[in-house]
Amino acid sequence: MEDIAQNIARVQEEIARAAAKVGRNPDEITLIAVTKNVPEDKINAAIRAGVQDIGENRVQEALAKYDAVRGPVRWHFIGHLQRNKVKYVLGRFDLLHSLDRISLAQEIQKRAAVQGLIVPCLVQVNVAGEESKFGIPPDELASFLQKVAAFPNLNVCGLMTIAPYSLDPEAVRPVFRRLRELFHQGNYPPEIEMKYLSMGMSGDFTVAVEEGANMVRIGTAIFGPRQNPNEEGE
Ligand SMILES: *Cc1c(COP(=O)(O)O)cnc(C)c1O
């Protein structure tokens, strides 16, 4: 448990260093501890060490842990979300990072309207065009945003991407840079205010911070290696 606290401190230091390098204030960067495959006691240790944001990518697993996680934390849903699981996510998760298709937006809208909820969402963008990854292709983002802006119970407030896996974080810098450009592009429907830029994982978060990320999603660097490092959720 001690190493969890140490790992968090080290990650925060690296975030601060990367931010300083490009003249950013580290306080504007939210560290999301990704707790998939991590048992409750370790999650609670991370919370005691100062973590305020938790990211999960599987509904079932998150629900099983939800009540045992102690402390005032924000829950982030970061995995691919099936429509039939939307009902479990609404009202429990504070931010959905993985809005990636209209049928999902429609399901969220339908249920959120019934419950009187406004659902904060990030649009997942498949910047690198990987077959195996979910997300809107960059050249379809503008029209996707037009469509979802018309859904009154969705609050689209940013963009998220998962960079291709690489041992060399510099190799994925162009992916982060492209997402930042899309984020700042600004020709969005007036309903949409871009606030959150969610990019960077254990292997590449310092580069993501240099490129403007204000949410980083870190699992391995905090909790150690998992069995299934590349799975994207449901
Ligand atoms: C697992 C996961 C992460 C964290 O990955 P690490 O490499 O362990 O830091 C971040 N984002 C998403 C969407 C994930 O599924």
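About the criteria used
- Residues numbered from 1 in each chain as written.
- Predicted model: local features only at pLDDT ≥ 70, side-chain atom pairs only at ≥ 80, totals over all residues.
- Heavy atoms only, no water.
- Helix = DSSP H or I, 4+ residues; strand = E, 2+ residues; numbered from the N terminus.
- Contact = heavy atoms within 4.5 Å.
- Near = heavy atom within 4 Å.
- Polar contact = N/O pair within 3.5 Å; in protein donor to acceptor, adjacent residues only side chain to side chain.
- Areas by Shrake-Rupley, 256 points an atom, 1.4 Å probe, with all protein chains shown as cover.
- Nonpolar A, V, L, I, M, F, W, Y, C, P; charged D, E, K, R; others polar.
- Expected span 1.5 Å × (residues − 1).
- Buried < 20%, exposed > 50% of the residue type's maximum accessible area, 1.4 Å probe, protein only.
- Arc of directions from axis to C-beta.
- Salt bridge = Lys/Arg side-chain N within 4 Å of Asp/Glu carboxyl O.

Overview of the environment of Pro120
Next up, step 1: By secondary structure assignment, the location of Pro120 is in strand β5 (residues 119-124).
Next up, step 2: Placed 23 residues apart in sequence, Pro120 and His97 show a C-alpha to C-alpha distance of 8.8 Å.
Next up, step 3: Apart from the residues lying within four places of it in its own chain, the contact partners of Pro120 are Asp94, Leu95, Leu96, Asn155 and Cys157.

Comments concerning the site of the ligand
Next up, step 1: In the vicinity of the ligand there are 13 residues, among which Lys36, Ser202, Gly219, Thr220 and Arg226 approach most closely.
Next up, step 2: With respect to the ligand, the side chain of Thr220 contributes an N or O atom lying 2.5 Å from an oxygen atom.
Next up, step 3: Here an oxygen atom of the ligand sits 2.7 Å away from a polar atom, N or O, in the side chain of Arg226.
Next up, step 4: Here the ligand loses 94% of its free accessible area of 390 Å² to cover by the protein chains.
Next up, step 5: When grouped by side-chain class, the residues that make up the shell around the ligand number five nonpolar, four polar and four charged.

Details of helix α1 (residues 2-21)
Next up, step 1: Compared with an ideal rise of 1.5 Å per residue, which puts 20 residues at 28 Å, α1 spans 29 Å between its outermost C-alpha atoms and is within 8% of the ideal.
Next up, step 2: When we look at burial in α1, the residues that qualify are Ile4, Asn7, Ile8, Val11, Ile15, Ala18 and Ala19. The buried residues of α1 all sit within an arc of 110 degrees when viewed along its axis, so they share a single face. Those residues of α1 that are exposed and aimed more than 90 degrees away from the buried face are Glu2, Gln6, Arg17, Ala20 and Lys21.
Next up, step 3: Looking at the packing, one finds that the buried side of α1 touches β1 (30-34), α2 (40-48), α8 (205-210), β8 (215-218) and α9 (220-223).
Next up, step 4: Within two residues after α1, Gly23 carries a phi angle of roughly 70 degrees, on the positive side.

Notes on the pattern of salt bridges
Next up, step 1: Applying the stated criterion across every chain, the model contains 15 salt bridges.
Next up, step 2: Linking Arg74 and Asp53 is a salt bridge whose minimum nitrogen-to-oxygen distance equals 2.8 Å. Here Asp53 lies in strand β2 (residues 53-56) and Arg74 lies in strand β3 (residues 74-77), a separation of 21 residues in the sequence.
Next up, step 3: The class of Arg74 is partly exposed, set by a relative accessible area of 41%.

Considering the side chain of Glu211
Next up, step 1: Along the chain, the position of Glu211 falls in the loop between α8 and β8.
Next up, step 2: A relative accessible area of 3% means that Glu211 is categorised as buried.
Next up, step 3: Leaving out residues up to four positions away in the same chain, Glu211 has contacts with Arg173, Phe176, Arg177, Arg180 and Met199.

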